[in-house]
Amino acid sequence: GGGRFLRQQGKGTNRVWEEVPVENLRKKIMQSFRNRRRQLEVCKQKPNSSNGILIEGEPSLADVIFGRSQTNPGSQLLQRLIVEQSEEYDSLNRGLKIKLVERIIKTISDQGGRFLLSAPEPGRWLEVSNDTARDRISSHFRNYRRTSKKLTKDIETSTG
């Protein structure tokens, strides 16, 4: 015989191992390959002029600046859209998630916003492609899900 594919089910002391049905294996394996390839592509992308358009000057108020602790109104709009649409995003399949993210990109672009990364040189910015913006926004959704689940768990632990 060969090996089996198992997944853990249940919580706390009620955890059990369950065999993954064969019909789900192909989908799970292909998804992990896609995720791995995407991670490798993102790791290769460091801010430089080959990843977008190098621009000078200050970002506009409508621009989204990717990075930690951005208080720019465009970045705050993106964060608000992620919070408002996170439940919908989590309930969708991969293709519809991409369409939702593209709708967010269009909303920000229609208001004159661009998607920027800080360039290594001071006072310069890198306007990223829609593909890079889509990857970053999808990542924001995943991070929001992770942090909101952690907050819910922390609240349950402190009150229960």
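Cut-offs and rules
- Residues numbered from 1 in each chain as written.
- Predicted model: local features only at pLDDT ≥ 70, side-chain atom pairs only at ≥ 80, totals over all residues.
- Heavy atoms only, no water.
- Phe/Tyr/Trp six-rings, centres within 6.5 Å; stacked < 30°, edge-to-face > 60°.
- Helix = DSSP H or I, 4+ residues; strand = E, 2+ residues; numbered from the N terminus.
- Buried < 20%, exposed > 50% of the residue type's maximum accessible area, 1.4 Å probe, protein only.
- Core = buried A, V, L, I, M, F, W, Y, C linked by side-chain atoms within 4.5 Å.
- Contact = heavy atoms within 4.5 Å.
- Salt bridge = Lys/Arg side-chain N within 4 Å of Asp/Glu carboxyl O.
- Pairing = 2+ DSSP bridges.
- Patch = residues over 30% accessible without salt bridge, like charges linked within 9 Å, V, L, I, M, F, W, Y side chains within 5 Å.
- Areas by Shrake-Rupley, 256 points an atom, 1.4 Å probe, with all protein chains shown as cover.
- Axes fitted to C-alpha atoms, helices over the stretch in contact; angles between N-to-C directions.
- Parallel < 35°, antiparallel > 145°, perpendicular 65-115°, else oblique.
- Left-handed = near helix turned anticlockwise from the far one by under 90°.
- Nonpolar A, V, L, I, M, F, W, Y, C, P; charged D, E, K, R; others polar.

Caption draft 1: Just the packing of aromatic side chains, in detail. The full count for this structure, using the stated rule, is two aromatic pairs. Measuring from ring centre to ring centre gives 5.9 Å for Phe66 and Phe115, while their planes differ by 15 degrees; the resulting arrangement is stacked. Remark: Phe115 occurs in strand β5 (residues 115–118) and Phe66 occurs in the loop between β4 (64–65) and α2 (73–91); sequence separation between them is 49 residues. According to the relative accessible area criterion, Phe66 is buried, its value standing at 4%. Geometrically, the ring pair formed by Tyr89 and Phe141 is stacked, given 4.0 Å between the ring centres and 5 degrees between the ring planes. Of the two residues, Tyr89 sits in helix α2 while Phe141 sits in helix α4 (residues 130–159), which places them 52 residues apart along the sequence.

Caption draft 2: Region of interest: the nonpolar core. Within the largest apolar cluster, 19 residues are counted, with the highest numbers of intra-cluster contacts made by Phe66, Leu78, Ile104, Ile108, Phe115, Ile137 and Phe141. Of all the secondary structure elements, the ones that give two or more residues to this core are α2, α3 (94–110), β5, β6 (124–128) and α4. The contact partners of Ile108, leaving out residues within four places of it in the chain, are Ala62, Val64, Leu77, Leu78, Leu81, Gly113 and Phe115.

Caption draft 3: Examining the pattern of salt bridges more closely. Applying the stated criterion to the full structure yields 11 salt bridges. In this structure, the salt-bridge partner of Glu18 is Arg7, at a minimum N-O distance of 3.0 Å. Residue Glu18 is located in strand β2 (residues 16–19), and its partner Arg7 is located in strand β1 (residues 6–9); the two are separated by 11 residues in the primary sequence. The class of Glu18 is partly exposed, set by a relative accessible area of 31%. Connected through salt bridges with shared partners, the residues Glu56, Glu121 and Arg124 form a single ionic network.

Caption draft 4: Spotlight on the sheet that holds β5. A sheet is described by the order of its strands in space; here four strands give the open sequence β3-β6-β5-β4, paired in mixed fashion. What marks the edges here is a single partner per strand, and that holds for β3 (52–56) and β4. Pairing of β5 with β6 involves three bridges; the strand directions are antiparallel. Across the sheet, residue Leu116 finds its bridge partner in β6, namely Glu127.

Caption draft 5: Quick peek at a nonpolar patch on the surface. There is a patch of nonpolar side chains on the surface, built from Phe5, Ile29, Met30 and Phe33 and spanning about 380 Å² of accessible area. With respect to the helices and strands, the residue Ile29 is situated in helix α1 (residues 22–44).

Caption draft 6: Structural context of the packing of α2 against α3. It is at 11 Å that the axes of α2 and α3 come closest, and there the two elements cross at 160 degrees. Accordingly, the angle class assigned to the pair α2 and α3 is roughly antiparallel. Pair α2 / α3 crosses with right-handed handedness. For the pair α2 and α3, the contacting residues are Leu77, Leu78, Leu81, Gln85, Glu88, Tyr89 and Asp90 in the first and Lys97, Leu100, Val101, Arg103, Ile104, Thr107 and Ile108 in the second. Each residue belonging to the contact of α2 with α3 can be placed in one class, and the counts come to eight nonpolar, two polar and four charged.

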